[in-house]
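Residues per chain are reported as follows:
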Amino acid sequence: MSDGDSLKINLRTFPDREALASALAEEVAEALRNAIGDGGEATLAVSGGSTPKLFFHALSKAELDWESVTVTLVDERWVPDTEERSNARLVQEHLLWNEAARARFVPLFIDANSPEGALPEVQQRVADLSGPLTVAVLGMGDDGHTASFFPGGDRLEDAIDPTGKALVLPMRAKAAIEPRITLTLPVLLAAKKLVLHVEGEAKKRVLDEALAGDDPLQMPIRAVIRNAREPLEVAWAP
């Protein structure tokens, strides 16, 4: 049996994107509530792009103790939050309002010329989060990248090493456009709840292709699927 044959997911299909956003928001809110009840704090790492906007809007209205929630990013483009392509800006505009305006936000970008130059400080920010992430919500690109694990990325092998010790790493890749900084695979795998959120028939075909092969350097989402503690939860809507 090849590695590709052994890749497993728990695929949940929703009738439309609104239904997915509502269900995923309630599940994430419940996980945050449970963590707050157990230990007083919860952490949520979210992804950028256009896919999570409906989910963000739904989650922003959830009733829970948002003062006990820290929100951070799975990855970030190395641009300030005044730029349209900033993931921090996306989160601030679409998630951190309504009830969720009370959450604490920890960005991955700092005012430095490069992610490499900012690495010690960003690493410390992630280290200061309380324990493993409560929830991490991933996205996936048409090339099979997730987080900033891009095919051809200069630090890809380090970033998807399941035994790696780094919490965050810079990433440069042609498809990434800007330099990036990303949480590493071990940080994501340690999350108490890990979800891949994908939408559209094209992304479903990408996922099917990922499941049919075995090279994580070619399609890095395979690294997450292969190394997850249990079948990766995937929420999809057409």
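Residues numbered from 1 in each chain as written. Predicted model: local features only at pLDDT ≥ 70, side-chain atom pairs only at ≥ 80, totals over all residues. Heavy atoms only, no water.

Re the overall build of the protein chain
Here is step 1 of the chain: For the protein chain, the count of helices and strands is 9 helices and 10 strands.
Here is step 2 of the chain: In terms of overall size, the protein chain behaves like a compact globule, its C-alpha atoms giving a radius of gyration of 17 Å where 238 residues would be expected to give roughly 18 Å.
Here is step 3 of the chain: On the principal axes, the C-alpha backbone points of the protein chain span a range of 45 × 45 × 35 Å.
Here is step 4 of the chain: Looking at the 238 residues of the protein chain, the share that counts as buried comes to 54%.
Here is step 5 of the chain: Put simply, of all contacts in the protein chain between residues at least 6 apart along the chain, 75% involve residues at least 24 apart.
Here is step 6 of the chain: Here the protein chain holds 25 positive side-chain charges and 38 negative ones, and the gap between their average locations is 2 Å. (Helix = DSSP H or I, 4+ residues; strand = E, 2+ residues; numbered from the N terminus. Rg over C-alpha atoms; globule rule 2.2 N^0.38 Å. Buried < 20%, exposed > 50% of the residue type's maximum accessible area, 1.4 Å probe, protein only. Contact = heavy atoms within 4.5 Å. Lys, Arg positive; Asp, Glu negative; His and termini not counted. Charge placed at Lys NZ, Arg CZ, Asp CG, Glu CD.)

Remarks on the side chain of serine 86
Here is step 1 of the chain: When you line up the elements, serine 86 lands in the loop between strand E4 (75–77) and helix H4 (87–94).
Here is step 2 of the chain: According to the relative accessible area criterion, serine 86 is buried, its value standing at 2%.
Here is step 3 of the chain: Non-local contacts of serine 86, meaning those with residues more than four positions away in its chain, are made with Glu76, Val79, Pro80 and Asp81.

Some words on empty space enclosed by the protein
Here is step 1 of the chain: One pass over the full model with this rule turns up 1 cavity of 30 Å³ or more.
Here is step 2 of the chain: Of the pockets and cavities examined, the largest cavity occupies roughly 50 Å³.
Here is step 3 of the chain: Taken together, Val46, Ser47, Thr51, Pro52, Phe55, Phe56, Val137, Leu138, Gly139 and His197 make up the full set of residues lining the largest cavity.
Here is step 4 of the chain: Contributing elements (two or more residues each) for the lining of the largest cavity: helix H3 (53–60) and strand E6 (135–138).
Here is step 5 of the chain: The residue makeup of the lining of the largest cavity, split by class, is 6 nonpolar, 4 polar and no charged. (1 Å grid on protein atoms, 1.4 Å probe; cavity = no way out; pocket = protein on both sides within 12 Å on 5 of 7 lines; lining within 4 Å. Points joined across faces, edges and corners; volume = space filled by probe spheres on them. Nonpolar A, V, L, I, M, F, W, Y, C, P; charged D, E, K, R; others polar.)

Focus: the environment of valine 168
Here is step 1 of the chain: Relative to the elements of secondary structure, valine 168 occurs in strand E7 (residues 168–171).
Here is step 2 of the chain: On the accessibility criterion, valine 168 (0% relative accessible area) is buried.
Here is step 3 of the chain: Between the C-alpha atoms of valine 168 and leucine 32, which are 136 residues apart in sequence, the distance is 23 Å.
Here is step 4 of the chain: When sequence neighbours within four positions are dropped, the list of residues in contact with valine 168 reads Leu119, Val122, Gln123, Val126, Ile181, Thr182, Leu183 and Thr184.

Side note on the packing of H3 against H4
Here is step 1 of the chain: Packing of H3 against H4 leaves a shortest axis separation of 9 Å and a crossing angle of 45 degrees. Between H3 and H4, the angle falls in the class oblique. In contact with Lys53, Phe56, His57 and Ser60 of H3, H4 contributes Leu90, Val91 and His94.
Here is step 2 of the chain: The residue makeup of the contact of H3 with H4, split by class, is 3 nonpolar, 3 polar and 1 charged. (Axes fitted to C-alpha atoms, helices over the stretch in contact; angles between N-to-C directions. Parallel < 35°, antiparallel > 145°, perpendicular 65-115°, else oblique.)

Description of the packing of helix H2 (residues 17–39) against H3
Here is step 1 of the chain: At a minimum axis separation of 8 Å, H2 and H3 run at an interaxial angle of 45 degrees. Relative to H3, the element H2 lies oblique. The handedness of the crossing between H2 and H3 comes out as right-handed. Counted together, Arg17, Glu18, Ala21, Ser22, Leu24, Ala25, Val28 and Ala29 of H2 and Leu54, Phe55, Ala58 and Leu59 of H3 form the full contact between these two elements.
Here is step 2 of the chain: Split into classes, the residues belonging to the contact of H2 with H3 amount to 9 nonpolar, 1 polar and 2 charged. (Left-handed = near helix turned anticlockwise from the far one by under 90°.)

Quick word on unusual backbone geometry
Here is step 1 of the chain: Of note in the backbone geometry, asparagine 98 takes a positive phi value of approximately 50 degrees without being a glycine.
Here is step 2 of the chain: Tracing the sequence through the fold places asparagine 98 in the loop between H4 and strand E5 (104–106).
Here is step 3 of the chain: The backbone of isoleucine 177 sits at a positive phi, close to 70 degrees, despite the residue not being glycine.
Here is step 4 of the chain: Its relative accessible area of 64% is what places isoleucine 177 among the exposed residues.

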